[in-house]
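Listed below are the residues making up each chain.
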Amino acid sequence: MKIAYYHASKFGNGAAVAAEFRTAMAAKGVAVDVHHIREADPTALEPADLYVFSSPGRMGRPLGRARRFLKHAALPAGTRYALLTTEGAPRPDKNTGQMPTAEETARWQKVRPIMTELLDAKSLTKVAEGCVYVTGMKGPLEDGWQAKVDSFADSLAASSAR
Ligand SMILES: Cc1cc2nc3c(=O)[nH]c(=O)nc-3n(C[C@H](O)[C@H](O)[C@H](O)COP(=O)(O)O)c2cc1C
């Protein structure tokens, strides 16, 4: 199996996630080619069995450059893809100290839904989605992020083996 991984990391956190994913998959004998979307042509993506797309969040959405990249991504219907984003960790409400519910967060945090919408419009098939949090606006990544990426790689490898 061959995986092509396209990310839009601005501050380096998403690039570190991609590198960890590549290491975890290499241990399973799966090759992952990592590309920054800045250096890739969405109309000429490299052939792969599975594509992983990753973007940081911006105002509840994927980075503009990532949205444009996905909009122009030329892949045949049925191509399998996964999302592995970096997003700001949910924070407690300043007044109540309460953590937002998943429902409350989903009202404004639409990074993965928008990426999904852009790719599903091309009839691609999503096989997994995950997110690694950053604890500040520009990082660092949350504690235990490597384990989170490794378990994402595990589940992807397991689902691909089926
Ligand atoms: C101006 C700005 C706006 C941001 N807005 C969001 C947001 O709406 N949702 C989110 O999850 N993260 C947001 N973030 C945090 C990014 O997710 C974070 O910078 C990114 O994941 C870091 O990844 P990178 O180092 O690969 O660029 C924002 C960051 C900046 C600088």
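Structure report, in brief. (Residues numbered from 1 in each chain as written. Predicted model: local features only at pLDDT ≥ 70, side-chain atom pairs only at ≥ 80, totals over all residues. Heavy atoms only, no water.)

## Observations concerning the environment of P90
Within the element layout of this structure, P90 appears in the loop between β6 (80-88) and α3 (102-106). When its relative accessible area of 31% is taken as the criterion, P90 is described as partly exposed. In this structure, the C-alpha to C-alpha distance between P90 and P100, residues ten residues apart in sequence, is 7.0 Å. Those residues within four positions of P90 in sequence are excluded, and the remaining contacts are M99, P100 and Y133. (Helix = DSSP H or I, 4+ residues; strand = E, 2+ residues; numbered from the N terminus. Buried < 20%, exposed > 50% of the residue type's maximum accessible area, 1.4 Å probe, protein only. Contact = heavy atoms within 4.5 Å.)

## Re the environment of A106
With respect to the helices and strands, the residue A106 is situated in helix α3. Residue A106 is classed as partly exposed on the basis of its relative accessible area, which comes to 40%. Sequence spacing of A106 and D154 is 48 residues, and the spatial spacing of their C-alpha atoms is 26 Å.

Just geometry here; none of it tells us what the structure is for.
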